[in-house]
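Residue-level listing of the chains:
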Amino acid sequence: MTSNYTPFRRPRRLRTTPQMRNFTAETDLNPNRLVLPMFIADGLDAPRDITSLPGVQQHTEDSLLRAVEEAANAGVGSIDLFGVPLDEDKDATGSQAVAEDGILNRGLRAVRERFGDDILVMADTCLDEFTDHGHCGVLSTDRYGHKIVDNDATLPQYAKMAVAQAEAGAHIVSPSGMMDGQIRHIREALDEAGHQDVSIMAYSAKYASAFFGPFREAVGSSLQGDRRTYQQDPRNLRESILETQLDIDEGADMVMVKPAMPYLDVLSEVADMSPVPVAAYQVSGEYAMISAAAQNGWIDEEAAIMESIYGIRRAGADIILTYWATRVAQMLRG
Ligand code: PBG
């Protein structure tokens, strides 16, 4: 059947050539806005592959510096460093997170000494890699004899950790443990120690997510159970607005939504209400899903990566954390 109707409005006009599509694209992405999460592990002679995150490694100090250089050359704005201590160095309070010579603080110092202000150095400010029980805070026993993650007893340890990271050279600390009051506590401690210029990227809306699975391998996590008493319930949206507002009131310089792809609605609402820059973290499970499908030949990897990153950007992220940061930056530069 044919029709005599000819459209007057033809949106396809703007899709005719690559030049026309670039000219009229609504979403831009600059490598400066990308953050590369990285892992430095204690006791390694050589970098170690993380099987569930193909292409991502636990680094030695040397391989870390080489990978940071590659990221910086590609124009990536920041790295976000996580530390993986030896099992025997883990304890109940995560002391190696605070120790000047703990693996994470050593890594931060090495990167900052080498790269200065050429790339921003962000530190993960959380105890879970360093505790023998794998929780993000210290534990205590409630009146029924159950072990609980003790919010208020954790805050001083976060404050010390942030100060140690600032001392090691971090430009940005990033509290990811979802303890109430952590931003204010950390801000006060940084200021008292003379680190007024160190900024805070708050993991404000962080969900208890199954998509963190591969990360647990990446950091050799000791966790039994889950984090549902401190991370958010995936069914909630309003709660994210409250969490974000509290962090802003407590002094967060930037806020974050995590994971990214299953929470694009949250990201969009946070971006609408936030007066400070908004980041989104494309987490390990998001990376693993796309990688696994691509390895099976089921999707075009580069196209899927770019589509996922543009989706996160379009939903409202100013800053994106992704294990593909260097690769995306290189693709953007052609
Ligand atoms: C905890 C932390 C986690 C991630 C970043 N920081 C795991 C968790 O909360 O269980 C996950 C990152 C990822 O999955 O890529 N400090």
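Everything numeric here is computed off the predicted structure, so don't read it as measured data. Chains are numbered independently. Their residues run from 1 in the order of the written sequence. Under the rules for a predicted model, residues below a pLDDT of 70 receive no local features and side-chain atom pairs below 80 are neither given nor counted, while totals for whole chains, interfaces and linings still include all residues. Note that the side-chain values use all heavy atoms of the structure and ignore hydrogens as well as water.

## Re the overall build of the protein
Next up, step 1: For the protein, the helix and strand inventory stands at eleven helices and twelve strands.
Next up, step 2: Its C-alpha atoms give the protein a radius of gyration of 21 Å, within 12% of the compact-globule value 20 Å for 334 residues.
Next up, step 3: Over its C-alpha atoms, taken along the principal directions, the protein stretches across nearly 80 × 45 × 40 Å.
Next up, step 4: What sets the accessible areas is the Shrake-Rupley method with a 1.4 Å probe; for residues, cover comes only from the shown protein chains. When the accessible surface of the protein is summed, it comes to about 16,100 Å², and 47% of that surface belongs to carbon and sulfur atoms.
Next up, step 5: His is not counted, nor are the chain ends; Lys and Arg add positive charge and Asp and Glu add negative charge. Note on charges: their place is set at NZ of Lys, CZ of Arg, CG of Asp or CD of Glu. Each charge class in the protein can be summarised by its mean position, and for the 30 positive and 50 negative side chains these summaries are 9 Å apart. Only runs of H or I of at least four residues qualify as helices and only runs of E of at least two qualify as strands under DSSP, and these elements are numbered from the N terminus. All radius of gyration figures rest on C-alpha atoms, and the globule criterion is 2.2 Å times the number of residues raised to 0.38.

## Thoughts on the packing of aromatic side chains
Next up, step 1: What counts as a ring pair is set by centres within 6.5 Å for rings of Phe, Tyr and Trp (its six-membered ring), and what kind of pair is set by the plane angle: stacked under 30 degrees, edge-to-face over 60, tilted for all other angles. Under the definition given, this model contains nine aromatic pairs.
Next up, step 2: Among the aromatic residues, those joined into a cluster by ring pairs are Phe39, Phe82, Tyr203, Phe215, Tyr281, Tyr287, Tyr323 and Trp324.
Next up, step 3: Sitting above the plane of the Phe212 ring, Lys258 keeps its charged end 4.9 Å from the centroid. Two conditions define a charge sitting above a ring: the NZ of Lys or the CZ of Arg must be within 6 Å of the ring centre, and it must be within 35 degrees of the ring normal.

## Thoughts on the pattern of salt bridges
Next up, step 1: Every case where a carboxyl oxygen of Asp or Glu lies within 4 Å of a side-chain nitrogen of Lys or Arg is listed as a salt bridge. Scanning the model with the defined rule gives eleven salt bridges in all.
Next up, step 2: In this structure, the salt-bridge partner of Asp226 is Arg228, at a minimum N-O distance of 3.0 Å.
Next up, step 3: In this structure, the salt-bridge partner of Glu301 is Arg327, at a minimum N-O distance of 3.3 Å. Residue Glu301 is found in helix α10 (residues 301–315), and its partner Arg327 is found in helix α11 (residues 325–332); the two are separated by 26 residues along the sequence.

## Observations concerning helix α7 (residues 238–250)
Next up, step 1: Expected helix span is taken as 1.5 Å per residue step, with the number of steps being one fewer than the number of residues. Taking 1.5 Å of rise per residue, 13 residues should cover 18 Å, and α7 covers 19 Å from first to last C-alpha, within 8% of that figure.
Next up, step 2: Each residue gets one of three labels from its accessible area relative to the maximum for its type: buried under 20%, exposed over 50%, partly exposed in between, using a 1.4 Å probe on protein chains only. Taken together, the buried positions of α7 are Ser240, Glu243, Thr244, Asp247, Ile248 and Glu250. The arc enclosing the buried residues of α7, seen along the axis, measures out at 165°, which places them on a common side. Facing away from the buried surface of α7 by more than 90 degrees, the exposed residues are Arg238, Leu242 and Asp249. Directions are taken from the helix axis to each C-beta atom, and the arc is the one they span.

## Examining a positive patch on the surface
Next up, step 1: Patch rule: a residue counts if its relative accessible area is over 30% and it has no salt bridge; like charges are joined within 9 Å, and nonpolar side chains (Val, Leu, Ile, Met, Phe, Trp, Tyr) within 5 Å. Side chains of Arg9, Arg10, Arg12, Arg13 and Arg15 sit close together on the surface and give a patch of like positive charge.
Next up, step 2: Position of Arg9 among the secondary structure elements: in the segment before α1 (18–24).
Next up, step 3: Using a relative accessible area of 69% as the deciding quantity, one classes Arg9 as exposed.

## Let's talk about the nonpolar core
Next up, step 1: Nonpolar cores were defined as sets of buried Ala, Val, Leu, Ile, Met, Phe, Trp, Tyr and Cys residues, with membership established by side-chain atoms within 4.5 Å. Core analysis: the largest hydrophobic core is formed by 101 residues, its most contacted members being Phe39 and Leu190.
Next up, step 2: Sorting elements by how many residues they give to this core places helix α4 (residues 151–168) first, with eight residues.

## Description of the layout of surface pockets
Next up, step 1: Definitions used throughout: a 1 Å grid over protein atoms alone; a cavity as a set of points that fits a 1.4 Å probe which cannot get out; a pocket as an open set with protein on both sides within 12 Å along at least five of seven lines; a lining residue as one with an atom within 4 Å of a point. Grid points are joined across faces, edges and corners, and a volume is the space filled by probe spheres set on the points. The space that makes up the largest pocket amounts to roughly 420 Å³.
Next up, step 2: Surrounding the largest pocket, 20 residues form its lining, Leu36, Gly55, Val56, Tyr323 and Thr326 being those nearest its centre.
Next up, step 3: Put simply, the parts of the chain that give the lining of the largest pocket at least two residues each are β1 (34–41), β3 (57–59), α2 (61–74), α9 (284–295) and α11.
Next up, step 4: For the lining of the largest pocket, the element with the most residues is β1, which contributes four residues.
Next up, step 5: Charged means Asp, Glu, Lys or Arg here, nonpolar means Ala, Val, Leu, Ile, Met, Phe, Trp, Tyr, Cys or Pro, and polar covers whatever is left, Gly included. Along the lines of polarity and charge, the residues of the lining of the largest pocket split into ten nonpolar, seven polar and three charged.

## A look at the UniProt feature "binding site: 5-aminolevulinate 1" (unreviewed entry) in the protein
Next up, step 1: UniProt positions are given in the numbering used here, feature names are shortened, and annotations may be inferred rather than shown by experiment. With numbering aligned to this structure, UniProt lists the feature "binding site: 5-aminolevulinate 1" (unreviewed entry) at Arg216 and Arg227. Taken from the residues named earlier, the lining of the largest cavity is made up of Arg216 and Arg227.
Next up, step 2: Of note, Arg216 is situated in helix α6 (residues 213–218).
Next up, step 3: Given a relative accessible area of 27%, Arg216 falls into the partly exposed group.
Next up, step 4: Note on definitions: a residue-residue contact is assigned when non-hydrogen atoms from the two residues lie within 4.5 Å. Leaving out residues up to four positions away in the same chain, Arg216 has contacts with Ser221, Leu223 and Arg227.
Next up, step 5: Mapped onto the secondary structure, Arg227 falls in the loop between α6 and α7.
Next up, step 6: Residues adjacent in sequence count toward polar contacts only when both atoms are side-chain atoms; beyond that, a polar contact is any pair of N or O atoms within 3.5 Å, and within protein one must be able to donate a hydrogen and the other to accept it. At 3.4 Å, the side chain of Arg227 and the side chain of Asp128 are in polar contact.

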